[in-house]
Amino acid sequence: MQTNTFGKKGWTPDRIKNLKGKTYVITGTTSGTGFEAAKILLSKGAKVVMLNRNQKKSEDTIAVLKQELGNAIDVTSIQMDLAEQASIKKAAGEVLETVSKIDALICNAAIAQVPKQTFTVDGFESQLGVNHYGNFLLQGMLYPQIEASEGRIVVVGSMGYNLGIKTIQFDDMNWDRNYGPNDVYSQSKLAQIMCVYELQDRLKKAGKTNVKVYACHPGASRTSLIKTSGSLMTRFIWQLMKLSPLVQSAEKGAYPQVMCATEPNLDQNGFYGPTGRNNWTGPVGEHKLEPHAKDKAVAKRLWELSEKETGVKWNI
């Protein structure tokens, strides 16, 4: 059992000093952990740029945040659909034009447990296309700005990385033969996490220490993730679970990503999230990452494939 460096209660937002002058770009902020993360950062004086698919929901979210935190908060939104590479490129271009620095890019948005095999407009299986390729492209496009700002990339994974086949199915990335909602979701989250540590290695090799990259997960939190894309049965079971003590609030689910975006001198090798039972709930800190998530040969191959599929060449 690792001892929590943040003490018995784990990391909490009380540790955050004033964030005035800092800018955070966050995906998926209209509900759940993304909304709560934006709220915490804004309450500490930061500027937040939200990237969401639904512009109307974004506007409603800004109205709610202003109601709760006051009209003086600095929050803007840019429309972006992670399922469309063209939309990501357009949004990234807008970010680069309108945002002078990025202290952290928080890749929070995801889809989960899509019941039947579906494809993005670019021809990717939807969970891999949104959760991995979409985020990979966004990070690659915003990387020069993040590097110039000596900022961070925070990738919100899931404990689901440790389920399913525990590797990448390179011979059938779209799962034409054996599609299963959970296996595919697990692979998409594993892919996200693997690329965090692969990016760390590439930055280290290039002698670049001014960009930090972190992987974290929210544990089991009360969010609408399953509700929006899971099958009827999955959604029913999850609704029941949400009423149990095995699940924590969306606000607590936001702590790991906010910590990775703000906490000074945080070890990049760690994997961060709740440290209680099954890593579902409990004090936030570093906990064990299973070795398959750092399989170097698989990660290198995945990185090269991701660059090819998204057409983004990271200029490291």
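Model, not experiment: these values are computed from the prediction.

The next subject is the side chain of Thr262. Along the chain, the position of Thr262 falls in helix α8 (residues 250-262). Residue classification places Thr262 among the buried positions, given a relative accessible area of 17%. At 2.8 Å, the side chain of Thr262 and the backbone oxygen of Val258 are in polar contact. Ignoring anything within four residues of it in the chain, the contact list for Thr262 reads Trp11, Ile16, Leu19, Tyr24, Leu41 and Arg152.

This next bit is on helix α4 (residues 126-148). Residues lying three or four places apart along an α-helix face the same way, a consequence of the helix completing one turn every 3.6 residues. Taking 1.5 Å per residue, 23 residues should reach 33 Å; α4 reaches 32 Å between its end C-alpha atoms and fits that length. Of all bends in α4, the biggest is about 50°, found at Leu142, and the proline Pro144 comes one to four residues later. Burial runs high along α4: 19 of the 23 residues are buried. Taking the backbone nitrogen of Gln127 as reference, a side-chain oxygen 2.9 Å away marks Glu125 as the first, capping residue of α4. At the C-terminal side of α4, Glu150 shows a positive phi close to 50°.

Backbone geometry at Gln113 places phi at a positive 45°, although glycine is not the residue there. Position of Gln113 relative to the elements: it lies in the loop between β4 (104-107) and α4. Residues other than glycine seldom take positive phi values, yet Trp175 does so here, at roughly 55°.

Below, the discussion takes up helix α3 (residues 85-98). Across its 14 residues, α3 extends 20 Å between first and last C-alpha, which sits within 8% of the 20 Å expected from 1.5 Å per residue. Residues of α3 that are buried include every one of Gln85, Ser87, Ile88, Ala91, Ala92 and Val95, and no others. For α3, the buried positions fall inside an angular range of 150° around the axis, keeping them on one side. Along α3, exposed side chains directed more than 90 degrees from the buried face belong to Ala86, Lys90, Glu97 and Thr98. In this structure, the buried residues of α3 make contact with β1 (23-27), β2 (47-52), β3 (74-79), α4 and α9 (296-310).

Let us now look at the confidence of the model for the protein chain. Per-residue confidence for the protein chain averages 91 on the pLDDT scale, and 90% of its residues sit at or above 70. Confidence drops under a pLDDT of 50 for residues 223-227, and excluding neighbours within four residues, the segment shows 17 contacts in the predicted structure.

A few words now on the packing of aromatic side chains. The final tally for this structure, using the stated rule, is eight aromatic pairs. An angle of 45° between the planes, with centres 4.5 Å apart, marks the rings of Phe124 and Tyr133 as tilted. Summarising the burial analysis for this pair, Phe124 and Tyr133 share the class buried. A ring pair is formed by Trp303 and Trp314, whose centres lie 5.1 Å apart and whose planes are at 50°; its orientation type is tilted. Separated by eleven residues along the polypeptide, Trp303 in helix α9 and Trp314 in the segment after α9 bring together distant segments of the chain. With a relative accessible area of 1%, Trp303 lands in the buried category. A network of ring pairs unites the aromatic residues Phe136, Tyr143, Trp303 and Trp314 as a single cluster.

With that out of the way, let us pick up the sheet that holds β3. Spatial ordering of the open sheet is given by β3-β2-β1-β4-β5-β6-β7-β8, a layout of eight strands whose pairing is mixed. Strands at the two margins of the open sheet, each flanked by one partner only, are β3 and β8 (284-287). Strand-to-strand twist of the sheet, defined as the mean angle between neighbouring strand axes without regard to direction, takes the value 25°. In the packing of helix α1 (residues 32-43) onto the sheet, contacts are made with β1, β2, β3 and β4, and the angle to β1 comes to roughly 170°. Seen against the sheet, α4 touches β1, β2, β4 and β5 (152-156) and runs at an angle of roughly 175° to β4.

Right, let's talk about the pairing of β2 for a bit. Burial of β2 is extensive: five of the six residues sit out of reach of the surface. Where β1 and β2 come together, five bridges link them in parallel fashion. Bridging from a neighbouring strand, Tyr24 pairs with Val48 of β2. Direction of pairing for β2 relative to β3: parallel, over a ladder of six bridges. Within the sheet, the bridge partner assigned to Leu51 lies in β3 and is Ile78. For the handedness criterion, the β-α-β arrangement of β2, helix α2 (residues 55-69) and β3 is classed as right-handed.

Cut-offs applied
Numbering of residues starts from 1 in each chain and follows the order in which that chain's sequence is written. Totals for whole chains, interfaces and linings use all residues, but because this is a predicted model, local features are given only for residues with pLDDT of at least 70 and pairs of side-chain atoms are given and counted only at 80 or more. Hydrogens are left out, water is left out, and the side-chain values use all remaining heavy atoms of the structure. We count a stretch as a helix when DSSP gives it H or I for four or more residues in a row; a strand needs E for two or more, and each element gets its number in order from the N terminus. Only protein chains enter the area calculation, which uses a 1.4 Å probe; residues under 20% of their type maximum are buried, those over 50% are exposed, and those in between are partly exposed. Residues adjacent in sequence count toward polar contacts only when both atoms are side-chain atoms; beyond that, a polar contact is any pair of N or O atoms within 3.5 Å, and within protein one must be able to donate a hydrogen and the other to accept it. Whether two residues are in contact is decided by their heavy atoms, any of which lying within 4.5 Å being enough. The span one expects for a helix is its residue count, reduced by one, times 1.5 Å. Here the bend at a residue is taken as the angle between two axes, fitted respectively to the seven residues that end there and the seven that start there. When we speak of the arc, we mean the arc of directions from the helix axis to the C-beta atoms. Here pLDDT means the predictor's own confidence in every residue, given as a number from 0 to 100. Note on ring pairs: Phe, Tyr and Trp rings are taken, using the six-membered ring of Trp, and paired if centres are within 6.5 Å. Classes follow the plane angle, with under 30 degrees stacked, over 60 edge-to-face and the rest tilted. In this description, strands pair whenever DSSP reports at least two bridges between them. Axis lines are fitted through C-alpha atoms, for helices just across the contact stretch, and the angle between N-to-C directions can take any value from 0 to 180 degrees. Clockwise travel from the first strand over the helix to the second, with the strands pointing away from the viewer, marks a crossover as right-handed.

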